[in-house]
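Per-entry structural report
Here's the letter readout for the chains.
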Amino acid sequence: MPNTQQPQDRLPEHRRPEDQRPGHHPDHEQDKPDLDAMAARLGVVSDTDEPAGAPRVEPDVVETGRMAAERDRTRIRVGLILLGAAVGYAVARATVRALRSR
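Residues numbered from 1 in each chain as written. Predicted model: local features only at pLDDT ≥ 70, side-chain atom pairs only at ≥ 80, totals over all residues. Heavy atoms only, no water.

What the protein chain contains, in helices and strands, is two helices and zero strands. Split into buried and exposed, the 102 residues of the protein chain put 2% on the buried side. Entry remark: accessible area of the protein chain is about 9,900 Å², with carbon and sulfur atoms responsible for 57%. (Helix = DSSP H or I, 4+ residues; strand = E, 2+ residues; numbered from the N terminus. Buried < 20%, exposed > 50% of the residue type's maximum accessible area, 1.4 Å probe, protein only. Areas by Shrake-Rupley, 256 points an atom, 1.4 Å probe, with all protein chains shown as cover.)

See the structure below:
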């Protein structure tokens, strides 16, 4: 049966570093940034932090039926291009194989 313990799990308690012992949770995790401080540095404001009198800005792009139809046509075009490339590859491969077998 393989040993599934990590090397530090096999160390006796007195030889294991304090911060690696089970139950160790420092007051401040050093490897995790303070998200509020990072947001402040980037100038990001959440919806709940906006001033009381701030105007509400709605997104200016709303998908219309025309935009949806154009998106669908684009997907069809891309699909046809990929299909054409695949068929072209298959024909070229078959042609090369036929020429080599002569």
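This part covers the pattern of salt bridges. All told, the structure shown has three salt bridges when counted by the stated rule. Arg 73 serves as the salt-bridge partner of Glu 70, at 2.8 Å between the closest nitrogen and oxygen. In this pair, Glu 70 and Arg 73 are both assigned in helix H2 (residues 65-100), three residues apart and thus about one turn of the helix distant. Assessed through its relative accessible area of 40%, Arg 73 is described here as partly exposed. (Salt bridge = Lys/Arg side-chain N within 4 Å of Asp/Glu carboxyl O.)

Turning next to helix H1 (residues 35-42). Since the α-helix packs 3.6 residues into each turn, any two residues three or four apart lie on the same face. With respect to burial, H1 is a largely exposed element, only zero of its eight residues being buried. Just past H1, the residue Gly 43 takes up positive phi, approximately 80°.

A cluster of nonpolar side chains, namely Ile 76, Leu 80, Leu 83, Val 87 and Val 91, defines an oily patch on the protein surface of about 480 Å² accessible area. By the element assignment, Val 91 lies in helix H2. (Patch = residues over 30% accessible without salt bridge, like charges linked within 9 Å, V, L, I, M, F, W, Y side chains within 5 Å.)

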